[in-house]
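Structural overview
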Amino acid sequence: MSVSLTPPSLSQDLGKFVACHDCDLLHAKPSLAVGTVARCRRCGAVLAQGRPDHLLRSLTLTLAALIFFVIVNAFPLLGLKLGGRETSMTLLDGALELRNYGMWDVVILVLLTSLLFPLLHFLALLYILIPMAMGRIPPGAAFWFRAAGLFSPWGMIGVYMLGVLVAVVKLADLATVVPGVAVFALGGLLFCSTAAGYALDPADVWRRIGSAR
Amino acid sequence: MAVADLTAKACGLVHCHACALISRIQDDHACPRCGAALHSRKPFSLQRTWALTLGAAVLYVPANVFPIMTVVRMGQGEPKTILAGVASLIDAGMWPLAMIVFIASVVVPIGKIIFLIYLLVSVQRRSKTYLGERMVLYRLMEYFGHWSMVDIFLVTLLAALVKMGTLATIEPGVGVSFFGAVVVLTLFAARAFDPRLIWDSANDHR
């Protein structure tokens, strides 16, 4: 389909246009059926997507992710049995361990990416999604939704999960590794947070925030 | 310029990087909807990307020269670098693990540095070829960049878990700090690069 698009004049409503995030090409704003995606005709980036019931779905999944997050942090992640001795560790122990070696840069990096940024991301989303699902816009919504977007690429739960799996397999020939409750909760957390990301339609959230101003 | 190739910038418009609202370009203004600072293109994108990429390339040397961890068993152990760690995984017959660590710690960071330099050079030469392919490269970097963190997480997990005195202990090495810096710098470098610059030269019909 060829889209005829004339440059917007001063009098035209800019809300009728979208620009591609990746290549800046201007498009007429697509109106999408649920479950369809509009892509940039030049570079293929996603311009907009129609997502069904997105507020409730992403809210539910984010709440579930937060519950899993609490479990992940409250229970042991991995245990080790060797020569009659046993140790176990939590996710926080893992993040803080390297302070014993004075490697504070790594401590901060791991603390931020495995714990703080994911948590802040969930909390910022919930702060917006809970009132929005009930038809209200919380104060500072624009700030917190922007913050959620900034935190999300620095939360690395999926990578952390891979690190845990690699550690379990690697240690298998050294000692007996006992996966803790937190490993399974970490799987749940990863699933829910990924699914919440796919369920959410940020364009609609921004439209609601914008119309409340 | 064909009408179909109009960019927001060519129309005097700017796309908000945070909330995607379109507004008219004015000097130094913030998005009327979300308050983010508006820039038609990321400011000093090429300079910042070059600096961060070269910084990552330089730090990748000590990250590989210094050991990232020492496995002490029965009171004995030798500090190992990233590549020595991969080699010992292969010796132990753990091929899949060796592949994961090798890809995350060697292929991804080196690939990112090479691809970023290629993107920077091609933009600076105002190349009009392989536009779609370069876009794919950029997206691959965005998608896979943070997987290099696996090695950092792995070392912290192993160090926190294996603490059995002379029986078995795993100690982190200073290489982790350098490697962490490489990962952070490449992540910032990929974010500093503005993919719209790839297409700007394509629109340049001089």
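Parameters and conventions
- Residues numbered from 1 in each chain as written.
- Chains lettered and ligands numbered in written order.
- Predicted model: local features only at pLDDT ≥ 70, side-chain atom pairs only at ≥ 80, totals over all residues.
- Heavy atoms only, no water.
- Helix = DSSP H or I, 4+ residues; strand = E, 2+ residues; numbered from the N terminus.
- Rg over C-alpha atoms; globule rule 2.2 N^0.38 Å.
- Buried < 20%, exposed > 50% of the residue type's maximum accessible area, 1.4 Å probe, protein only.
- Salt bridge = Lys/Arg side-chain N within 4 Å of Asp/Glu carboxyl O.
- Core = buried A, V, L, I, M, F, W, Y, C linked by side-chain atoms within 4.5 Å.
- Contact = heavy atoms within 4.5 Å.
- Polar contact = N/O pair within 3.5 Å; in protein donor to acceptor, adjacent residues only side chain to side chain.
- Pairing = 2+ DSSP bridges.
- Domains from an automatic or database assignment.
- Axes fitted to C-alpha atoms, helices over the stretch in contact; angles between N-to-C directions.
- Left-handed = near helix turned anticlockwise from the far one by under 90°.
- Nonpolar A, V, L, I, M, F, W, Y, C, P; charged D, E, K, R; others polar.

Let's talk about the overall build of chain B
For chain B, the count of helices and strands is seven helices and six strands. In chain B, the succession of α and β elements from N to C terminus is β-β-α-β-β-α-α-α-α-β-β-α-α. Against the 2.2 N^0.38 benchmark of 17 Å for 206 residues, chain B shows a C-alpha radius of gyration of 22 Å, more extended than a compact globule. In terms of overall dimensions, chain B has a C-alpha envelope of 70 × 35 × 25 Å along the principal axes. Out of the 206 residues belonging to chain B, those deemed buried represent 52%.

A look at the pattern of salt bridges
As enumerated under the stated definition, the model contains seven salt bridges over all chains in all. Asp194(B) is paired through a salt bridge with Arg196(B); the nearest N and O atoms lie 3.0 Å apart. You can call Arg196(B) buried: its relative accessible area is 6%. Each member of the salt-bridge network shares a partner with another, and the members are Asp24(A), Arg41(B) and Asp200(B).

Description of the nonpolar core
In this structure, Leu77(A), Leu171(A) and Leu186(A) are the most contacted members of the largest nonpolar core, which totals 99 residues. What Leu186(A) contacts, discounting residues up to four positions off in sequence, is Val72(A), Leu77(A), Ile157(A), Tyr160(A), Met161(A) and Val164(A). Core analysis: the second largest hydrophobic core is formed by 25 residues, Cys20(A), Ala38(A), Leu119(B) and Ala192(B) among them.

Describing the side chain of Arg41(B)
Within the fold, Arg41(B) resides in the loop between β2 (22–24) and α1 (45–65). Given a relative accessible area of 11%, Arg41(B) falls into the buried group. Of the polar contacts made by the side chain of Arg41(B), one reaches the side chain of Asp24(A); its length is 2.8 Å. In contact with Arg41(B), other than residues within four places in its own chain, are Asp24(A), Thr7(B), Lys9(B), Asp194(B), Arg196(B), Leu197(B) and Asp200(B).

Some points on the pairing of strand β4 (residues 46–49) of chain A
Residue and element names in this part refer to chain A. Pairing of strand β3 (residues 37–39) with β4, which is carried by three bridges, proceeds in the antiparallel orientation. Pairing of Arg39 across the sheet is with Val46, part of β4. Count of turn residues in the β3/β4 antiparallel hairpin: six residues, of which Gly44 carries a positive phi of about 85°.

Re the environment of Tyr138(B)
All names here are of chain B. Looking at where Tyr138 falls in the secondary structure, it is placed in helix α4 (residues 131–144). Given a relative accessible area of 2%, Tyr138 falls into the buried group. Through-space distance from the C-alpha of Tyr138 to that of Asp194 is 9.6 Å; in sequence the pair is 56 residues apart.

Considering the domain arrangement of chain A
Split into domains, chain A comes out as domain 1 (14–49) and domain 2 (54–211). On a C-alpha basis, the centres of domain 1 of chain A and domain 2 of chain A stand 30 Å from each other.

Notes on the packing of helix α3 (residues 95–124) of chain B against helix α6 (residues 175–192) of chain B
All names here are of chain B. One way to put it is that α3 packs onto α6 with a least axis distance of 11 Å and a crossing angle of 40°. The crossing of α3 and α6 is left-handed. Contacts between α3 and α6 involve Ala104, Ser105, Pro109, Lys112, Ile113 and Leu116 from the first element and Phe179, Val182, Thr186, Leu187, Ala189 and Ala190 from the second. Here the contact of α3 with α6 is built from residues that sort into nine nonpolar, two polar and one charged.

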